[in-house]
Amino acid sequence: MSESDHPNVRKVITELIEAGLPEAAAGVRILGAEVRTAALAAEALGVEVGAIANSLVFKAIRGGTAVPLLALTSGAHRADPALLAELAEADTVGRADPDFVREHTGQAIGGVAPVGHPGRIRTLVDVALANYPVVWAAAGHPKSVFPITFAGLVELTSGTVADVAGDSESIAGTK
């Protein structure tokens, strides 16, 4: 099975079409190698690293319960977990381990798409992505990406636009 036939990629393509974004669906690219980081994706696509929309899955704790939080972050900087906790009205936000990511997205770290998950995930979309006419996001597999506008990404995910980096020291989530 080729990566373009991978069930996660097919699911993302279907969701893009159903969301009225056929141009994004038609733009899905299968790259020659895995691009598990923003730097690798930017290099493979020949774009600025800031135009890569990292899908970072965090574990948000609310009242003792762990829930997923998806931060679509510009590859040019890192998300601030304390700021994410504030934005998500969570007690704390921390890195999600691979099992948590797969459980809530159905996708592997390095290929997590903004959509195609088993259920809705609260999503924050980094305002810094608005600086690019086209941003690139993973399409459900570590070798797959698709182009989309900032406005399209916000609409597709029903995400909340936010400054997810802030001014404080921060860590990267798990892509």
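Below: a short report on this structure. Model, not experiment: these values are computed from the prediction.

**Regarding the overall build of the protein chain**
- When its secondary structure is counted, the protein chain shows six helices and eight strands.
- Counting helices and strands in the order they occur from the N terminus, the protein chain gives α-α-β-α-β-β-α-β-α-β-β-β-α-β.
- Taken against the 2.2 N^0.38 rule, which gives 16 Å for 175 residues, the C-alpha radius of gyration of the protein chain at 15 Å falls within 12% of a compact globule.
- Referenced to the eigenvectors of the C-alpha coordinate spread, the extents of the protein chain come out at roughly 40 × 30 × 30 Å.
- Here the protein chain holds 175 residues, and 52% of them are scored as buried.
- At a minimum sequence separation of 6, the contacts of the protein chain that also span at least 24 residues come to 68%.
- Accessible surface for the protein chain amounts to roughly 7,800 Å². Of this, 51% is attributable to carbon and sulfur atoms.
- For the protein chain, the separation between the mean place of its 13 positive charges and that of its 20 negative charges on side chains is 6 Å.

**Topic: the nonpolar core**
- In this structure, L16, F146 and L153 are the most contacted members of the largest nonpolar core, which totals 32 residues.
- Sorting the residues of this core by element identifies α1 (7–18), α2 (22–26), β2 (52–62), β3 (65–74), α5 (98–105), β6 (135–138), β7 (144–148) and α6 (150–157) as the ones contributing at least two each.
- If you look at the next biggest cluster of nonpolar residues, it comprises 14 residues, including A79, A88, A90 and V164.

**Quick notes on the pattern of salt bridges**
- On inspection of all chains with the given rule, the structure shows one salt bridge.
- A salt bridge links E34 to R36; the shortest N-O distance between them is 2.7 Å.
- Judged by its relative accessible area of 38%, E34 is partly exposed.

**Things to note about the side chain of N8**
- In this structure, N8 sits in helix α1.
- Looking at N8, the relative accessible area reads 15%, which means it is buried.
- Only 3.4 Å separates the side chain of N8 from the backbone oxygen of G140, close enough to count as a polar contact.

**Here we look at the environment of H141**
- By the secondary structure assignment, H141 is in the loop between β6 and β7.
- By relative accessible area, which is 12% here, H141 ends up buried.
- For H141 and P68, which are 73 residues apart along the polypeptide, the C-alpha to C-alpha distance reads 19 Å.

**A short note on α6**
- When you tally the buried positions in α6, you get six out of eight residues, the bulk of the element.
- All of the buried residues in α6 are F150, G152, L153, V154, L156 and T157.
- S158 sits one or two residues past α6 and shows a positive phi near 55°.

**Some details on unusual backbone geometry**
- Of note in this structure, E89 is not a glycine but carries a positive phi near 55°.
- Considering the arrangement of structural elements, one finds E89 in the loop between α4 (81–87) and β4 (92–95).
- One non-glycine residue, S158, lies in positive phi territory at about 55°.
- The residue S158 is located in the loop between α6 and β8 (160–162) in this model.
- The partly exposed category is assigned to S158, whose relative accessible area is 49%.

So, how was this worked out
Residues numbered from 1 in each chain as written. Predicted model: local features only at pLDDT ≥ 70, side-chain atom pairs only at ≥ 80, totals over all residues. Heavy atoms only, no water. Helix = DSSP H or I, 4+ residues; strand = E, 2+ residues; numbered from the N terminus. Rg over C-alpha atoms; globule rule 2.2 N^0.38 Å. Buried < 20%, exposed > 50% of the residue type's maximum accessible area, 1.4 Å probe, protein only. Contact = heavy atoms within 4.5 Å. Areas by Shrake-Rupley, 256 points an atom, 1.4 Å probe, with all protein chains shown as cover. Lys, Arg positive; Asp, Glu negative; His and termini not counted. Charge placed at Lys NZ, Arg CZ, Asp CG, Glu CD. Core = buried A, V, L, I, M, F, W, Y, C linked by side-chain atoms within 4.5 Å. Salt bridge = Lys/Arg side-chain N within 4 Å of Asp/Glu carboxyl O. Polar contact = N/O pair within 3.5 Å; in protein donor to acceptor, adjacent residues only side chain to side chain.

Limitation: the analysis is restricted to geometry and does not speak to function.
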